[in-house]
Amino acid sequence: MTTPMLKRDWIALEQKYYQATFKRQPVTFIRGQGIRVWDAEGREYLDFVAGIAVNVLGHCHPAVVQAVQEQAAQLIHVSNLYYNTRQIELAEQLALLSGGMRSFFSNSGAEANEGAIKLARKFGRLHRNGAYEIISMERSFHGRTLATTAATGQAHYQETWKPLPDGFKQVPFNDLDALKAATSEKTVGILLESVQGEGGIWPATREFLQGVRRWCDEQNLVMICDEVQAGMGRTGKFFGFEHYGVMPDIITLAKGLAGGVPIGAMLTGRRTDLFVPGDHGSTFGGNPLACAAALATLKTIQEERLVENAARMGEYWHEKLQALCQKYDFIANPRGIGLMRAVEVKYDLAPAIVDQALKHGLLLNNLGNATLRMVPPLILTRADIDEAAQRLDRALEDVSLQRGVAAQS
Ligand SMILES: Cc1ncc(COP(=O)(O)O)c(C=O)c1O
């Protein structure tokens, strides 16, 4: 029997007790199942945000619940001073998926990228005359720590925190000439997302990603692919870079890896496998609980063929978005790959659409005022998509009426 929940004003309490770091939608969630979540009033929503590309198996997938429950009853945490079976098993699974790379586990995407940056700097110290600089991309996002903020190619994330750590610069995404021109004897690595997430869902071009690989080989640079958002099958391949026929030297993962339990991973191939004891570490990174959740997530992705499902459902969702773009003149150009999708919004209406969608029981997310992002769970079915499209249609109709923007039909 569950204890009835106290009626409390969660939003007022948050303002009193939590730092003002988040601009939140006015809703408090208490339960989730599959692609649905329920708020404190018992209202149900289709979740096309999925914890921002985290809940790849939806909410409370039985496999993850069982793995967490069993592991919690057996061993939650043990220091990295000792071996733990779940950590080693997870590294083994990731090696199978990455062509033999070895893992380091952290707790978040930013931390995974920190590890990658340190590893690249070690490569520079040992094999490139002390080179340390990382070139990343404009519009990229790599995290909120100081180094990953310095690597993030969006000025508004950086301004307040200057001076940022030295050794980072950005070039326009998909511009190989600019990347080559920016490379110097100080450069040690190139950091990029195969599909930019926070920047607006922008896939790399084939020429660019293949060109980066060639450039790294020619110049003895380290290619780091940040798969924190695009990884775990979201794009219709397990890693986003698989669409491009390239293999990076270092891969970072987080978000969906443990189906909602915090984890990050930094994987490296042989050439950059340079850490020795004492170089890097983490108290919680790779603890049995997180690794058990990740093992269950990976197994379920494989058993339920969710990578393939993401590709198929992505196409179907894209068709629905195209139809809605035909109907409403203030949305256009659906783009993306697999279940990593965005739509352009005119007249700065993206936040208004998110608000209306919430009222109609659909969670969406806006990137600025001109982009809607959808990164739903990979377990999505055609029926779920039909339902989401109907709810989005109603939300768009409301926005259209409210703003006096004429729908085309
Ligand atoms: C591509 C990418 N890298 C890194 C991060 C940072 O991950 P975390 O918030 O887990 O530190 C994000 C988060 O959105 C991301 O999208």
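No experiment lies behind these values; they were computed from the predicted model shown.

A. Representation of the UniProt feature "modified residue: N6-(pyridoxal phosphate)lysine" (unreviewed entry) in the protein within the structure. Taking the UniProt record as the reference, the feature "modified residue: N6-(pyridoxal phosphate)lysine" (unreviewed entry) is found at K255. Contacts of K255, omitting those with residues within four sequence positions, involve I52, A53, V54, V228, Q229 and I263. Here the side chain of K255 touches I52 through a polar contact of 3.1 Å, landing on its backbone oxygen.

B. Structural context of the packing of aromatic side chains. Taken as a whole and judged by the stated rule, the model has eight aromatic pairs. Arranged with centres 5.0 Å apart and planes meeting at 10°, the rings of F239 and F241 form a pair that is stacked. Relative accessible area serves as the criterion here: at 1%, F239 is assigned to the buried category. Between Y328 and F330 the ring centres are 5.8 Å apart and the planes differ by 55°, which places this aromatic pair in the tilted class.

C. Fine view of unusual backbone geometry. Note the cis peptide between K162 and P163, where omega equals 5°. Relative to the assigned elements, P163 resides in the loop between helix 7 (155-158) and strand 6 (168-171). The backbone of N333 shows a phi angle near 50°, a positive value even though the residue is not glycine. Positionally, N333 belongs in strand 13 (residues 331-337). Using a relative accessible area of 47% as the deciding quantity, one classes N333 as partly exposed. Residues other than glycine seldom take positive phi values, yet D348 does so here, at roughly 55°. One can find D348 in the loop between strand 14 (340-345) and helix 12 (350-359). Since its relative accessible area comes to 51%, D348 is described here as exposed.

D. Highlighting the side chain of R234. Relative to the helices and strands, R234 is located in the loop between strand 10 (222-226) and strand 11 (250-253). Buried within the structure, R234 lacks any salt-bridge partner; its nearest side chain of opposite charge belongs to D47, at an N-O separation of 9.2 Å. A polar contact of 2.9 Å, which involves the side chain of R234, links it to the backbone oxygen of P376.

E. Spatial organisation of helix 10 (residues 288-303). The terminal C-alpha atoms of helix 10 lie 22 Å apart, and with 16 residues this matches the ideal 22 Å at 1.5 Å per residue to within 8%. For helix 10, the buried fraction is high: 12 of the 16 residues fall into the buried class. Within helix 10, the full set of buried residues consists of P288, A290, C291, A292, A293, A294, L295, A296, T297, L298, T300 and I301. At its buried positions, helix 10 is contacted by helix 3 (62-74), helix 4 (85-97), strand 4 (102-106) and helix 11 (306-327). The N-capping residue of helix 10, defined by a side-chain oxygen 3.1 Å from the backbone nitrogen of L289, is N287.

F. Here's a closer look at the environment of G361. Tracing the backbone through its elements, the reader meets G361 in the loop between helix 12 and strand 15 (362-363). In the structure, G361 is positioned 31 residues away from L392 in sequence and 9.0 Å away in space, judged by C-alpha atoms. Among all residues touching G361, those that are not within four sequence positions of it are R43, E44, Y45, L46 and R391.

G. Layout of the nonpolar core. Core analysis: the biggest nonpolar cluster contains 84 residues, and L179, I331, I353 and L364 have the highest contact counts within it. Both of domain 1 (10-60 + 305-403) and domain 2 (62-303) provide at least three residues apiece to this core. Those residues in contact with L364 that lie beyond four places of it in its chain are F48, V49, I353, V354, A357, L372, R373, M374 and L392.

H. Layout of the domain arrangement of the protein. If you check the domain split of the protein, you get domain 1 (10-60 + 305-403) and domain 2 (62-303). A separation of 26 Å is found between the C-alpha centroids of domain 1 and domain 2. Of the residues lining the interface, 26 residues belong to domain 1; the matching set on domain 2 comes to 29 residues. Carbon and sulfur atoms supply 66% of the area buried between domain 1 and domain 2, which totals about 2,300 Å² over both sides. Linking domain 1 to domain 2 there are one salt bridge. Linking E198 and R373 is a salt bridge whose minimum nitrogen-to-oxygen distance equals 2.6 Å.

I. Structural view of the site of the ligand. Among the 13 residues in the neighbourhood of the ligand, the closest are listed as G109, A110, D226, Q229 and K255. D226 has a polar side-chain atom sitting 2.7 Å from a nitrogen atom of the ligand. With respect to the ligand, the side chain of K255 contributes an N or O atom lying 3.2 Å from an oxygen atom. In the complex, the protein chains occlude 82% of the 390 Å² of accessible area that the ligand would expose alone. By residue number, the principal contributor to the shell around the ligand is helix 5 (residues 109-127), which donates three residues. Grouping the constituent residues of the shell around the ligand by class yields three nonpolar, six polar and four charged.

J. Region of the structure containing the UniProt feature "binding site: N(2)-acetyl-L-ornithine" (unreviewed entry) in the protein. Feature annotation in UniProt places "binding site: N(2)-acetyl-L-ornithine" (unreviewed entry) on R144 and S282, given in this structure's numbering. Position of R144 relative to the elements: it lies in the loop between strand 5 (133-137) and helix 6 (146-151). Of the residues examined, R144 reaches a relative accessible area of 63% and is grouped as exposed. Residues contacting R144, with those up to four places away along its chain left out, are A110, T149 and Y157. Turning to its location among the elements, S282 is positioned in the loop between strand 12 (264-268) and helix 10.

Cut-offs and rules
- Residues numbered from 1 in each chain as written.
- Predicted model: local features only at pLDDT ≥ 70, side-chain atom pairs only at ≥ 80, totals over all residues.
- Heavy atoms only, no water.
- UniProt positions renumbered as here; feature names shortened; annotations may be inferred.
- Contact = heavy atoms within 4.5 Å.
- Polar contact = N/O pair within 3.5 Å; in protein donor to acceptor, adjacent residues only side chain to side chain.
- Phe/Tyr/Trp six-rings, centres within 6.5 Å; stacked < 30°, edge-to-face > 60°.
- Buried < 20%, exposed > 50% of the residue type's maximum accessible area, 1.4 Å probe, protein only.
- Helix = DSSP H or I, 4+ residues; strand = E, 2+ residues; numbered from the N terminus.
- Lys, Arg positive; Asp, Glu negative; His and termini not counted.
- Salt bridge = Lys/Arg side-chain N within 4 Å of Asp/Glu carboxyl O.
- Expected span 1.5 Å × (residues − 1).
- Core = buried A, V, L, I, M, F, W, Y, C linked by side-chain atoms within 4.5 Å.
- Domains from an automatic or database assignment.
- Buried area = accessible area lost by both parts, 1.4 Å probe.
- Near = heavy atom within 4 Å.
- Areas by Shrake-Rupley, 256 points an atom, 1.4 Å probe, with all protein chains shown as cover.
- Nonpolar A, V, L, I, M, F, W, Y, C, P; charged D, E, K, R; others polar.

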